[in-house]
Amino acid sequence: MSFVKDFRWEKGITAEELVNRYQNIGFQSTELYRASDVIVKMKKDSAKIFLTFTSNMVSSGLRGFFSQLIELGMADIVVTTVGAIEEDIMKAIGERFSIGSFDSDDVELHEKGINRVGNLFIKNESYMKLEDWMLPFLDNLYKKKNRWAVSEMLKEIGLSLNDENSFLYQAAKKDVPVFCPAITDGAFGFHLYLFQQKNRDFVVDVVSDFGNILLCTNFDEKKGVIALGGSISKHHAILSTLLNGGAEYAVYMTTAHKTSGSMSGATTDEAKSWGKVKDDSDVATVIGDVTIMFPLVMINVLEKLDREGLLKAEYKEKKKINLDRSRKYAKS
C-alpha cells in the first residue's frame, strides 16, 4: 500500500523526478505516473507497440515528438487520422501554423482565409500548397502501379519527404507502418477522388490494408497500445489487438469522459469487456490534455529506458555526436 506524500518544490528538480513524485500526490497525478510505468513495462517486455493519435496533435508541436519516438524505437505501428497526414506534409514542405486564441472571432478568421484548430491557426494557402505537392506525387505514384494499400502509399509519401520532424518520414525510414483507415476524411481524400476521376483504374485499397494491420502482430507476441485521444485511430489499433488475442499493456490519454459511451471516452477497463485488452493486463487511463500529459509521461519513460540502454543504438550514437559537437563549440 502506498500513501499520499506532500509535494514540495526543490531547486533544479527534473521532469523525471517530478513525474516520479506524482505517484504519491493522488487523482490524475497518480494515474499519470502509472501510465509511464506501464509504457516502461511494455518496452522491457518487447511488446509490439501501437501508437495512435488524432490529427489535432499533429497540428500542435507534438508532431516532432512523435517523430522522435519512432526514431527511438518506441512505436512499432502507427495509426492516425487523415488530418495528421495532411498537416505532416504541410509542415514538411515549409508551412507554419500560428498560435492564436480559443476566443477568436471565427467569422473574421473565415473572411481572412484562416482555419482554427483550438488556438492554432492554419491558412487556406497551406491547403493550396498541399494540393500543389499532391498532384505530381499522385502522378508518380500512378506510374509505379495503379493499386495501393493505404499504408504502402503513406510509406511512399514518407520516403519523398526530407524532414526529421515528419512522423511519416521517420516511419518510412524505420520501416514502421502507418495506418489511416479513414483516408478520405479530409482534403487528402478529396484530391484522391479528383485524381481517380481522371484515372479510373487508380485504387487506394482500405480493405486490404486492414489485413496488413492484422498481420503486423499475432497471438504469440506481446502487444501494447498507447492511444492518444480517441476516434477511429484508437479503435483501429485495439480492434487489431482484439483479433490477435488482446493487448497485454494499454495506456489511454483523453479529455473525453467514460459516461459519453464514446470510443474517445472508453477506458482501458471497458476494453477488457471486449477482449481488446486482456483481463490481467497492465493498464492506465489518464484524463487530461495530451499536449501536457504525454510529454511528461514520455520524458519519465525515456530517461529510465535510456539508462538501461533500451533505446535505439543509432540514436544513442547520434546523441554522442551531438554532445561532442557541443563540447567542441564550448571550447571554441
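Residues numbered from 1 in each chain as written. Predicted model: local features only at pLDDT ≥ 70, side-chain atom pairs only at ≥ 80, totals over all residues. Heavy atoms only, no water.

**Q** Which residues make up the pattern of salt bridges, and what are the values?
**A** One pass over the structure, following the stated rule, counts 20 salt bridges. Across the salt bridge formed by E10 and R21, the nearest N and O atoms sit 3.2 Å from each other. Of this pair, E10 sits in the segment before α1 (15–22) while R21 sits in helix α1, placing them eleven residues apart in sequence. In this structure R21 comes out as partly exposed when scored by relative accessible area, which is 27%. Salt bridges sharing common partners tie together R34, D37, K41 and D282. (Salt bridge = Lys/Arg side-chain N within 4 Å of Asp/Glu carboxyl O. Helix = DSSP H or I, 4+ residues; strand = E, 2+ residues; numbered from the N terminus. Buried < 20%, exposed > 50% of the residue type's maximum accessible area, 1.4 Å probe, protein only.)

**Q** Now, about the packing of α1 against helix α2 (residues 27–44): what can you tell me, with residues and values included?
**A** α2 packs onto α1 with a crossing angle of 120° between their chain directions and a minimal axis gap of 7 Å. Across from V19, N20 and Y22 in α1, the residues of α2 making contact are S29, T30, L32, Y33 and S36. A per-class count over the contact of α1 with α2 returns four nonpolar, four polar and no charged. (Axes fitted to C-alpha atoms, helices over the stretch in contact; angles between N-to-C directions. Contact = heavy atoms within 4.5 Å. Nonpolar A, V, L, I, M, F, W, Y, C, P; charged D, E, K, R; others polar.)

**Q** Account for the side chain of S60, naming residues and giving values.
**A** Among the secondary structure elements, S60 is positioned in the loop between α3 (55–59) and α4 (62–71). The class of S60 is buried, set by a relative accessible area of 11%. Reaching out from S60, the side chain makes a polar contact with the backbone oxygen of M57 at a distance of 2.7 Å. In contact with S60, not counting residues within four places along its chain, are K91, L120 and T291. (Polar contact = N/O pair within 3.5 Å; in protein donor to acceptor, adjacent residues only side chain to side chain.)

This is a description of form; function is not addressed.
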